[in-house]
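Fold and contact review
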Amino acid sequence: MPKVQILVGSALRDERGEVTTALRAVGWQLTVARDGHAVLNYARVRVPDLAVLDANLSGLEVLEVCKALRHDPATARVDRKSTRLNSSHVSESRMPSSA
């Protein structure tokens, strides 16, 4: 059974590390991007099952990244989650279908 491929996008190194450690511990395969441009580049090379994006993503705003993923036929089916990552709490919101 193939592993779930998750793309994590966050400019925050410490928080990115905590999230990736937790996700790898349960066996998911991760690609990590430091900004919105890298998220789009990685997503086009290896289409993830899920994109977990920090609401404070640098480079491109998270809504612009989500719109680009949705409008690209290769990545349109990627499930997108926006989060606010910090070391003590992760809050989650599902991106609206228009994003």
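Among the residues making up helix 3 (residues 62-71), those that are buried are Val62, Val65, Cys66 and Leu69. The buried residues of helix 3 occupy an angular sector of 95° when the element is viewed end-on, so they sit on one face.

What follows covers the environment of Val52. Relative to the helices and strands, Val52 resides in strand 3 (residues 50-54). A residue is classified by how much of its surface remains accessible, and Val52, at 13% relative accessible area, is buried. Here the alpha-carbon distance between Val52 and Val19, two residues 33 residues apart in the chain, equals 9.7 Å.

Another aspect to go through is the pairing of strand 1 (residues 5-9). Where burial is concerned, most of strand 1 is hidden: five out of the five residues are buried. Where burial is concerned, the two faces of strand 1 agree: the one with Gln5, Leu7 and Gly9 and the one with Ile6 and Val8 are both buried. Direction of pairing for strand 1 relative to strand 2 (residues 29-33): parallel, over a ladder of five bridges. Its bridge partner being in strand 2, Ile6 is matched across the sheet by Leu30. In this fold, the crossover linking strand 1 to strand 2 by way of helix 1 (residues 13-25) has right-handed handedness.

Okay, the packing of helix 2 (residues 36-45) against helix 3 next. For any two helices packed against each other, the geometry is given by the interaxial angle and the distance between the axes. Running from N to C, helix 2 and helix 3 point in directions that differ by 20°, and their axes come no closer than 9 Å. The angle between helix 2 and helix 3 falls in the class roughly parallel. For the pair helix 2 and helix 3, the sense of crossing is right-handed. Touching Gly36, Val39, Leu40, Ala43 and Arg44 of helix 2 are Val65, Ala68 and Leu69, all from helix 3. In terms of residue class, the contact of helix 2 with helix 3 is built from six nonpolar, one polar and one charged.

Reading the values: rules and limits
Residues numbered from 1 in each chain as written. Predicted model: local features only at pLDDT ≥ 70, side-chain atom pairs only at ≥ 80, totals over all residues. Heavy atoms only, no water. Buried < 20%, exposed > 50% of the residue type's maximum accessible area, 1.4 Å probe, protein only. Helix = DSSP H or I, 4+ residues; strand = E, 2+ residues; numbered from the N terminus. Arc of directions from axis to C-beta. Pairing = 2+ DSSP bridges. Right-handed = clockwise from strand over helix to strand, strands pointing away. Axes fitted to C-alpha atoms, helices over the stretch in contact; angles between N-to-C directions. Parallel < 35°, antiparallel > 145°, perpendicular 65-115°, else oblique. Left-handed = near helix turned anticlockwise from the far one by under 90°. Contact = heavy atoms within 4.5 Å. Nonpolar A, V, L, I, M, F, W, Y, C, P; charged D, E, K, R; others polar.

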